[in-house]
There are 2 protein chains.
Amino acid sequence: MTTTMHDGLDLDQIPELAAQLRVDSVRSSSSAGSGHPTSSMSAADLLATLMARHLRYDWDAPEAPGNDHLVFSKGHASPLLYSVYKAAGVVSDQELMEGYRRFDQRLEGHPTPVLPWVDVATGSLGQGLPDGVGIALAGKYLEQAPYRVWVLTGDSELAEGSMWEALGTASYYELTNLVTIVDVNRLGQRGETALGWDLDTYAARVEAFGARAVIIDGHDIGQIDEALAQADGELDRPLVILARTLKGKGYSAIEDELNWHGKPMPDDKAEEAIAELGGERNLVVRGPKPPVIDRPEPSRGSAELPTFEKGEEVATRKAYGPALAALGAADPRIVALDGEVSNSTGVADFIEAHPDRFFEMFIAEQQMVAAATGMSARGYLAFASSFAAFLTRAADFIRMAPVSRADLRLVGSHAGVEIGADGPSQMGLEDLAMLAAVQGSTVLYPSDGTSTAALVEQMTKTSGVSYLRTTRGAYPVLYGADEQFPVGGSKTLRSSEDDAVTLIGAGVTLHEALTAADSLAEQGIKARVIDAYSIKPIDAEGIREAVAATGGRVVVAEDHHVEGGLGAAVLSALASEPINDLHVKHLAVDGVPGSGTTAELLGWAGIDAAHIAEAARSALEG
Amino acid sequence: MTTTMHDGLDLDQIPELAAQLRVDSVRSSSSAGSGHPTSSMSAADLLATLMARHLRYDWDAPEAPGNDHLVFSKGHASPLLYSVYKAAGVVSDQELMEGYRRFDQRLEGHPTPVLPWVDVATGSLGQGLPDGVGIALAGKYLEQAPYRVWVLTGDSELAEGSMWEALGTASYYELTNLVTIVDVNRLGQRGETALGWDLDTYAARVEAFGARAVIIDGHDIGQIDEALAQADGELDRPLVILARTLKGKGYSAIEDELNWHGKPMPDDKAEEAIAELGGERNLVVRGPKPPVIDRPEPSRGSAELPTFEKGEEVATRKAYGPALAALGAADPRIVALDGEVSNSTGVADFIEAHPDRFFEMFIAEQQMVAAATGMSARGYLAFASSFAAFLTRAADFIRMAPVSRADLRLVGSHAGVEIGADGPSQMGLEDLAMLAAVQGSTVLYPSDGTSTAALVEQMTKTSGVSYLRTTRGAYPVLYGADEQFPVGGSKTLRSSEDDAVTLIGAGVTLHEALTAADSLAEQGIKARVIDAYSIKPIDAEGIREAVAATGGRVVVAEDHHVEGGLGAAVLSALASEPINDLHVKHLAVDGVPGSGTTAELLGWAGIDAAHIAEAARSALEG
C-alpha cells in the first residue's frame, strides 16, 4: 500500500519515513549482495527530515532551476539515497530491489549523474563537498539563484585535506547557500576514526575554517529539524551540521558495532532488522516546492579570436588568456578558475575582461577542479588553469570527472624541462600521461599562438575532460589566422615527394624539429615535419601515411617522460595497421632534470634539434 | 673576510646574520637572473635565529643520526636556504653566486637531496610539511631519536588541504618533535592570500587541528627566539609558530609590495638593497651541536615467504599482507602505511605481525605518501597501500618522489572493472598510466599468490618508486613456490613450436587469456600465453621474440584504460626493433563502466576470454 503525503511531514511523522529509509537500505543491499546498509542507517533520520521538510525540490522536474541540490559526498551510502528516491516516488520498489548494483542498471554502487537527480558522481571520499562548493559558487555568483546545496558527508572523509580546502573556499566566498551535514557515526572501514565522537574538535575546526558549526544528536528529529531550519533563514556563513549518530542505527544487534562496514546483512539478520524497524513501508513523501524561477538560455555570439603575425614570438601560455577572454565575450557561460598563478598561466587577460566570471581558488588545485566540476553540472564552461605539474595534485578529481559526466577544461602551463631554471618540481613531465588516461579525454598541445587560440575555441565545443598544455617560453608563430585546427588533426609543416624521414613534435619540440629539418636539409636529407597538436585523439591516419611515405622512418620528440605522452600516442597510431620496416626513434625525458637554461635542458634531455637530427640520421642508417 | 662564530650567537648578533642571509638571497638570485629574493627576505630573521641558536646540526656530518632536520616547505625560498648553507660554511660564496640555478649544479631552483643537507625535495607547495611529518614519525616511533623536525612553510601553501592532513596527523601521533614555522608575509604570487595577515584565524585553525599555535612578529628576534625555544623544552603538542612578516623585508623600496614575487632584482635595485642592508658579509656561524647518538645497522635475516598451492584460489591483494609480514620479520626497516582500508588492501596481516611498524594514515592519501617519503629519507622501506583508484589522490606526491630521490613502495588494490558492483569511482583504471609515467618507476602486476609474494620481495630490493597492482577477486595459483620473478621479466605459460598468436595479459586478464587459449586450442589454434607481470620495465626482448615467433600476431588485454598501461608498454617493446606483418589487437577498458558482476563487466569491457579469443581469430584473419 502506498500512502502519498504532499507538502512535507509533521515532525512526529518523520520516524516512520526514517524507518522506511532504513528498511529499504537493508533490503536493497541485501538483495544486491553488497553495499553499505549500516552507513545508510546512521544518516536516515537526517535525510528523512531533510527530504520531508527542508529540501526544496520538484522531483518531477530535476532540471528546474530553483531546485535545491543534494550531494551525497559519502557516496557509499547509496542505499539511503536510492531509498530517498523511492520515498520521493521517482524510483520504484522493484527497481530498488532488482536494479541496485546490477549490470546495466542506473542504481550503481555509488551514485552518478546517470540518475537525473544526481549532480556529480561520488564514491571517492572527500570530493562531494568540494564539488558542492562548485555548485554553490555557481548558484550564488553565476546563476544568482536562490537554491541551496545540501551535502551529506561522512566523518571519515574529514581526514581528506580536500574537505578543508572546500570549507576554506566556502567561507572565503561566503557561501551561505551551502549546508554540510556530517554523519559522525564514529566508525570508518577498519575501525574508529581519528576523532571518534569528538564533535567539539570537529566544531572547532569547522568554525576556524569560517563556517557555522552546529552539534546535534543525529537521531533526535527535533534537533535535526531545528538545525536544518537555520538554512531556511538567512545564514551569515556556510552551515555545517555535526550530527552524532550510530552506525547501523535501528537494528540493535549491530548498532555502533565494528566489522559491519560495507557489508550487506545476510537474510536472517536482514529479516530481524526489518522486523525491529517495523517492517516494510511504501510512503511517498514530497517536501517543500522550490521557487519557480526562470533561467533563460544565454545569448551567444561568435568570438573574434586574437590573431598573431607569422614569425612573431609568442608564448602559448600568453595566447591562452586573450583567446579565453575573446571567447568569454561571446559566450557568458564561460568562466575561469586558477590556482593563484594567473599571471603565469595567462588567464590574467580573462580576469581583466570578465572579473565577475573568474574565481581565484588560491593554491588548492583539488578544490579548483572540483569547483569546475560543480559548475559544469550547472551548465557552465569552466576553464581551470595552473602549472601542468600542479594539476597532478587533482588527479583523483580529474579521474572522477567522466564518472560525473562533467565537461572539464584544464589548462596546464610551464610544461616540461623547457621551463629551465626553476627545476624539476615545477616541470610538468607526467601531465600528458595523466590526462590521456582519463576516460574520453581530449589532449591538446599547441606550438604557437594561432593554434593555441584555435584550440581554446575547440575546447569550448568539446565535451568530457579536455586539456591544453602550454609552454613557458616564446616561440615563432607558425600559422596564419585562418588556419583550422580540428581536434584529432595534425599539420604537415614540411613535406616533399622524396622525404626520407618523418619528424613529429608538439610544443617546443616542434620548433626543434623544424630546426632539425633545416640542418638535415643542409646535409641533403629531406624530412617531413608534423605538428601533432592533437595528442588524444591523435591523427592516426595522417601519421601512418607520413611514416609510410618516408620509408617507415620516424622520429618523435617530446618534452615529457617516456611513457604515456606523444610518443605513446604515435606508437598506438602506428600499431593500428602493419607498417613494414618501421624504425621509430622516440626521444623523451628520461632522468631527473636539474636547473639550467632551456637550451641546456633540451640538450640534456636529448630532445633538441641536434638530437632529433641525429636520430633521423640514425633511422636512415638502420 | 670570514669571521667564524661557534656555538651560536647572542641575540644581538642575530641581525647581522639575518642581514647576510638577505644580502646573499638578493645576490644569488640576481646573479642567476631568476629566483625568489623577496620570499627569502621575509623569513631571514626566522632562519638566522633558528640556525644560530636552536637547530642542532653537525654541518660536517649531515648523516649524523642526532641531527635535527630542516625542511623548506616553501622551496621557492631556496636563496635563503642556500644562504644559510653559506653561513654554515658548507657552501662557498662562489658556489652561491655561480652555481645557483645553473645547469649541472647542485643549488637547483628548488632544493633537492642532491644536497646532503636536504631530506626531501620541495617546490610543489604543501608537500614539505607532510614530508616532515614522515620524518618526525620515523624519529619518534622508529628511530626513537631525539631529533626535531623544523619545517618552514609559506602562508599561501596553507590553502593546500595536504597541510591540514599533515597537522591532523601530527596531532594524532603526538609529534612533539615537529615544529612548523609559517612565514606569513601576506602575499602570494599574484596578490594577497585568502587570509592576509589574519594570524588569529590561522592560529584558531592550527589549534583546532591539535597543534600549539604561537603568534609572533617574524622580524622581532626576541620573539622569534622565545618561540623557537619552546621546542627546546618539553612540548605537549606539535608546535606551529605563526610569524607575521614583510615580503622583501630589509629593502624598504619593495617591502610588502605586490608584483615582486619570484623576481630577481635588476642590478640597480640589487645594489640599493645590498647597501640598505649594510653590504656583503661572510659570517660563518655554527649553532648548537646535536646529541651524539648511535644508530646501529639493523640486523637482517632472510625471509620465508608464504607459499601457495598451485590451483588454490587466492586474491593477490590477500597474498600481499602475509608476504610483507614475512619480509618484515626478516628486515626491521620495513614499515607499512595504509589509508584506512587495511582490511581490503591485505596489509592487515602485517599489522597483526608488526603493530609497532604500522601507521594508520586514515583517509589522507597525500599524507600517507608523504609520510612514506619522509620515512624513506630516514632509511626505512615504507610500503603504502590503498585502493589503486585512490592512490591517484597522491599523484603530485608520487611525482615528486624521484625528485626527492625517495624509494616509495606503493600497493594499489581493487584494480579495474574486475571489482564489480562498487562501480567506477572505486575502479583503478588510470593507475598504471600514472605510475609508469613517474621517473624511474617500476610497475608490477602479479596474477597469482606466488608471484605476488615474490614481487613484494623484489620491491624491497628496488629503488625509486615501485608499484604493485593487486586484484580484488581470488584466482587460481599458477606458479610453484620456487619460481623466480625478476623485475623486467615475463613468464610464458603456454607455448609450442607452431603457435599462431601471442596472448599477453596481467592480473585478471592473464586468467582470461589462459581460458581463451584453451578455447582456441579446441578450434585448432595454438596460442602462446605470456604473463607480463613486470609492466615497467617490460620484458621487451621476450615479448618481441614471442610475437615474432607467432607471425607478428599479438593480442594484449588489460583491465585499465587504453592509454598508458600494459598495451602501451607492449607497443613500446614492439617498436624498439622492426617486426614485419605486425598485427596488434589491444583490448582495454574504453567507456565509463557501471556496476555488475566481474564477468559482466569484463565482458562489457571486451577484455574477457571470449573477446580475447575473438581478437586472436581476427588477427589470424589478417
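Per an unreviewed UniProt entry, the recorded name for chain A is Transketolase, and the organism is Candidatus Brachybacterium merdavium. UniProt's Subunit (unreviewed entry) comment on chain A is quoted here verbatim: "Homodimer." Quoted straight from UniProt, the Sequence similarities (unreviewed entry) entry for chain A says "Belongs to the transketolase family."

Student: Pulling in residues and values, what's your account of helix α20 (residues 540-549) of chain A?
Tutor: Residue and element names in this part refer to chain A. Taken together, the buried positions of α20 are I543, R544, A546 and V547. Looking down the long axis of α20, one finds its buried residues gathered within 165 degrees of arc, a one-sided arrangement. Opposite the buried face of α20, by more than 90 degrees, sit the exposed residues E541 and E545. Considering only its buried residues, α20 is in contact with β17 (501-505), β18 (527-531), β20 (553-561) and α21 (566-575). Immediately beyond the C-terminal end of α20, within one or two residues, lies G551, with a positive phi of roughly 65 degrees.

Student: Go over the nonpolar core with me, naming the residues and quoting the values.
Tutor: L503 of chain A together with L503 of chain B are the most contacted members of the largest nonpolar core, which has 291 residues in total. Sequence-distant contacts of L503 of chain A, that is, excluding residues within four places in its chain, are made with A513, A516, A517, L520, A527, R528, V529, I530, V555, I612 and A616 of chain A.

Student: Go over the UniProt feature "domain: Transketolase-like pyrimidine-binding" (unreviewed entry) in chain A with me, naming the residues and quoting the values.
Tutor: Residues annotated by UniProt as "domain: Transketolase-like pyrimidine-binding" (unreviewed entry) correspond here to residues 314-477 of chain A. Structurally, residues 314-477 of chain A is divided into 40% helix and 21% strand, and its ends, taken at the C-alpha atoms, are 7 Å apart.

Student: Which residues make up the side chain of R528 of chain A, and what values go with them?
Tutor: Residues and elements named next belong to chain A. By the secondary structure assignment, R528 is in strand β18. With relative accessibility at 16%, the residue R528 sits in the buried group. Residues in contact with R528, not counting those within four places in the same chain, are T492, R494, S495, S496, D499, V501, T502, L503, A546, A549 and T550.

Student: Any details on the sheet that holds strand β3 (residues 149-154) of chain A? Residues and values, ideally.
Tutor: Backbone-to-backbone hydrogen bonds join strands into a sheet, with any given pair of strands oriented parallel or antiparallel. All names here are of chain A. Spatially, the five strands line up as an open sheet ordered β2-β3-β4-β6-β5, and their pairing is parallel. Edge strands, defined here as strands with exactly one partner in the open sheet, are β2 (69-72) and β5 (212-217). The mean angle between the axes of side-by-side strands here comes to 20 degrees, regardless of whether they run parallel or antiparallel. As defined by bridge partners, β5 adjoins strand β6 (residues 239-244) across six bridges and the pair is classed as parallel. Within the sheet, the bridge partner assigned to A213 lies in β6 and is V240.

Student: So what about the relation of the copies chain A and chain B? Which residues, and what values?
Tutor: Taken as rigid bodies, chain A and chain B are interconverted by a rotation of 180 degrees and an axial shift of 0.0 Å, the fit giving an RMSD of 0.0 Å. Taken together, the turn and the small shift mark the pair as related by a two-fold rotation axis. By C-alpha distance to the rotation axis, the residue of chain A lying nearest is G161 of chain A, at 1.8 Å. A high fraction, 100%, of the interface residues of chain A reappear at the interface in chain B, so the copies pair face to face through one surface.

How each quantity is defined
Residues numbered from 1 in each chain as written. Chains lettered and ligands numbered in written order. Predicted model: local features only at pLDDT ≥ 70, side-chain atom pairs only at ≥ 80, totals over all residues. Heavy atoms only, no water. UniProt positions renumbered as here; feature names shortened; annotations may be inferred. Buried < 20%, exposed > 50% of the residue type's maximum accessible area, 1.4 Å probe, protein only. Helix = DSSP H or I, 4+ residues; strand = E, 2+ residues; numbered from the N terminus. Arc of directions from axis to C-beta. Contact = heavy atoms within 4.5 Å. Core = buried A, V, L, I, M, F, W, Y, C linked by side-chain atoms within 4.5 Å. Pairing = 2+ DSSP bridges. Axes fitted to C-alpha atoms, helices over the stretch in contact; angles between N-to-C directions. Least-squares fit on C-alpha atoms with pLDDT ≥ 70 in both.

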